[in-house]
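Overview (structure and organization)
Residue-level listing of the chains:
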Amino acid sequence: HAADAYRTDLMTITRYVLNEQSKYPESRGDFSILLNHIVLGCKFVCSAVNKAGLAKLIGLAGETNVQGEEQKKLDVLSNEVFVKALISSGRTCILVSEEDEEATFVKPSQRGRYIVVFDPLDGSSNIDCGVSIGTIFGIYTLKDAREPTLDDVLQPGKNMLAAGYCMYGSSCTFVLSTGSGVNGFTLDPSLGEFILTHPDIKIPQKGKIYSVNEGNAKNWDGPTAKYVEKCKFPNDGSSPKSLRYIGSMVADVHRTLLYGGIFLYPADKKSPNGKLRVLYEVFPMSFLMEQAGGQAFTGKQRALDLVPNKIHERSPIFLGSYDDVEEIKALYAAGE
Ligand code: AHM
Ligand code: MG
């Protein structure tokens, strides 16, 4: 069929979420509206990131413009866009952003029942050299009709209603889970729409890749060191794993999700809680991993069971293919 060369039934992300929601009779479309605003933020960042190389030339970011004002850095700019988009959705009550020290409480007239935790532009060290970066987000609902407080944000990751990320790479990819599997959408720049390209993503049960900043090896604890040693010198007759490390969590996790394997940012002697932030890095990625059939572990427990005490708290994280995470769990259980 000549017509088969073109896909004529386009499943946009909006259509997808509306379909999902129609399964719940009580749904009032609030979630679709919220998600649309997140998607808008991602499209903005995507466009800004694509022009980042022009920044020095035409004064987009980090340079002084003609009025002599400092131009905003891409991560600061992205944060402002997300905060404004989320508040104007009228569906949020608390926002926690990596860029803002304090949580933002939305004023009553613009308030809704969703809590959004996000890292507007993660992978800061990769911004200026054109390597993939991304936005990460997680969504909770306000427990009841009370005045929202910080306690409403400090919930374990398993209470998240939805989580996702958008990767600004060689294409712009939006990966989302609303708690029933994981789906991937790719931005068609000519349409300005995210189209479903990766339905029902499942991570391979075992992978051939490990992903970690080995420069920290000197300070690792026993189980992490032993695990990475096994990746390189397996003692069960299997082939050694390949190492891939981009240094952008979104890109490293995206590859792990599609190809399988393990991503780790462990504790070390210098950073006993690792580097990555619980609310808007560890939780959303752990949520997606579990929804795709993988696992996420902190070195002590299932990552999604963790109860954060502070909004910018950090935790070690090991996530990826089910069997690979099983191995690291066994090493920690043995305390080796
Ligand atoms: P950032 O929020 O400053 O961008 O830091 C988070 C990033 C993650 O994207 C990535 O997984 C990690 O830091 C890489 O850290 P390192 O450079 O220590 O390997
Ligand atoms: Mg970050």
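Scroll up to find the structure.
Residues numbered from 1 in each chain as written. Chains lettered and ligands numbered in written order. Predicted model: local features only at pLDDT ≥ 70, side-chain atom pairs only at ≥ 80, totals over all residues.

With respect to the element layout, Pro284 can be found in helix 7 (residues 278-291). For Pro284 and Gly157, which are 127 residues apart along the polypeptide, the C-alpha to C-alpha distance reads 7.5 Å. (Helix = DSSP H or I, 4+ residues; strand = E, 2+ residues; numbered from the N terminus.)

Attention shifts here to the environment of Ile115. On the secondary structure map, Ile115 appears in strand 3 (residues 111-122). Sequence-wise, Ile115 and Ile311 are 196 residues apart; in three dimensions their C-alpha atoms are separated by 13 Å. In contact with Ile115, not counting residues within four places along its chain, are Cys93, Ile94, Ile139, Tyr140, Leu142, Asp152 and Val153. (Contact = placed C-beta atoms within 7 Å.)

Let us look at the environment of Gln301. Its location among the elements puts Gln301 in the loop between strand 12 (295-297) and strand 13 (317-320). Each C-alpha atom of the pair Gln301 and Tyr332 lies 10.0 Å from the other, and the pair is 31 residues apart in sequence.

The subject of this paragraph is the pairing of strand 1 (residues 92-97). Within strand 1, 6 of the 6 residues are buried, which leaves it mostly tucked inside the rest of the structure. As judged from the 6 bridges shared by strand 1 and strand 3, these two strands associate in the parallel manner. Across the sheet, residue Val96 finds its bridge partner in strand 3, namely Val117. The pairing of strand 1 with strand 2 (residues 104-105) spans 2 bridges and is antiparallel. Pairing of Leu95 across the sheet is with Thr104, part of strand 2. Once strand 1 ends, the chain turns through 6 residues before running back antiparallel as strand 2. (Buried ≥ 20, exposed ≤ 12 C-beta atoms within 10 Å, placed from the backbone. Pairing = 2+ DSSP bridges.)

What follows deals with the sheet that holds strand 7 (residues 183-188). The strand order across the open sheet formed by 8 strands is 2-1-3-4-5-6-7-8, and the pairing between neighbours is mixed. Of all the strands in the sheet, the pair left with one neighbour each is strand 2 and strand 8 (193-198). Looking at chain direction, strand 3 and strand 4 (residues 133-141) are connected through 7 bridges and run antiparallel. Considered in strand 4, the bridge of Val116 is made with Ile139. Across the face of the sheet, helix 4 (residues 74-88) comes into contact with strand 1, strand 2 and strand 3 while running at roughly 165° to strand 3. (Axes fitted to C-alpha atoms, helices over the stretch in contact; angles between N-to-C directions.)

Residues lying three or four places apart along an α-helix face the same way, a consequence of the helix completing one turn every 3.6 residues. In this model helix 2 (residues 30-50) runs 31 Å from its N-terminal to its C-terminal C-alpha over 21 residues, within 8% of the 30 Å that 1.5 Å per residue would give. If you check which residues of helix 2 are buried, you get Phe31, Leu34, Leu35, His37, Ile38, Val39, Gly41, Cys42, Val45, Cys46 and Val49. (Expected span 1.5 Å × (residues − 1).)

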